[in-house]
Amino acid sequence: KAGVTQTPRYLIKTRGQQVTLSCSPISGHRSVSWYQQTPGQGLQFLFEYFSETQRNKGNFPGRFSGRQFSNSRSEMNVSTLELGDSALYLCASSLWRDQETQYFGPGTRLLVL
Amino acid sequence: GQQVMQIPQYQHVQEGEDFTTYCNSSTTLSNIQWYKQRPGGHPVFLIQLVKSGEVKKQKRLTFQFGEAKKNSSLHITATQTTDVGTYFCAGPNLGHVGGKLIFGQGTELSVKP
């Protein structure tokens, strides 16, 4: 079974631009979570989606948004990029909403100049 | 709020030496999970411990869940260069805000050949 896929893998943007990242979960998995990872900050939870609904949101500004489609694929969007948004953005899927084990994708490495 | 803490933050060992990382939760956990992230990679699920006092082994890796289900440890015997990476522990988020798991900050292991 194919793992979690994320596109693009690398991205360079400039301040003020916006970006959309995509995540396809493991086939059959319906819960998708997004994390931001920066050196020294560990894994910071962004949001979780299940059945096309945002179930939980982390402590990030409204510039960070996401959505989930009926096929469980998910996208996250960051508007008005700031230098501090440079990070590895990880998507993780799990089979069901109450299954806690996270299966991570390879991530999208975003650099904001 | 609920916290999961790991020590040490960094560990440098000579190849062949043993390595241990410790994970402590501010609350009693129903289970504890461990993940490994290789340099440049993404977190990969290693194992889940559920029972009080549980000990599980994966080759040279030994995982232990404390009797009070508030702490855990990962011990690697005779480290190899392939063990390099960051090891995260994670426990279920008992609150209504945030992701499914509360991750520790991770222990970064480097192995000198």
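Residues numbered from 1 in each chain as written. Chains lettered and ligands numbered in written order. Predicted model: local features only at pLDDT ≥ 70, side-chain atom pairs only at ≥ 80, totals over all residues. Heavy atoms only, no water.

## Re the sheet that holds strand S7 (residues 61-65) of chain B
All names here are of chain B.
Link 1 in the chain: What the five strands build is an open sheet, ordered S1-S3-S8-S7-S6; its pairing is antiparallel. The sheet is open, and its two edges are formed by strand S1 (4-7) and strand S6 (55-58), each paired on a single side. Mean inter-strand twist for the sheet, computed between neighbouring axes without regard to direction, equals 15 degrees.
Link 2 in the chain: One ladder, built from five bridges, connects S7 with strand S8 (residues 71-76); its direction is antiparallel. (Pairing = 2+ DSSP bridges. Helix = DSSP H or I, 4+ residues; strand = E, 2+ residues; numbered from the N terminus. Axes fitted to C-alpha atoms, helices over the stretch in contact; angles between N-to-C directions.)

## Overview of the interface of chain A and chain B
Link 1 in the chain: Between chain A and chain B, the residue contacts involve 25 residues of the former and 20 residues of the latter.
Link 2 in the chain: For the pair chain A and chain B, the summed buried surface comes to about 1600 Å²; carbon and sulfur atoms form 52% of the total.
Link 3 in the chain: When the buried area of chain A at its contact with chain B is split by residue, Leu43, Glu100 and Phe104 of chain A rank highest and sum to 33% of it.
Link 4 in the chain: Within the residue set of the side of chain A that touches chain B, elements represented by two or more residues are strand S4 (31-38), strand S5 (42-50), strand S6 (53-57), strand S9 (87-94) and strand S10 (103-104) of chain A.
Link 5 in the chain: The element that contributes the greatest number of residues to the side of chain A that touches chain B is S5 of chain A, accounting for four residues.
Link 6 in the chain: Partitioned by chemical class, the residues of the side of chain A that touches chain B number nine nonpolar, eleven polar and five charged. (Contact = heavy atoms within 4.5 Å. Buried area = accessible area lost by both parts, 1.4 Å probe. Nonpolar A, V, L, I, M, F, W, Y, C, P; charged D, E, K, R; others polar.)

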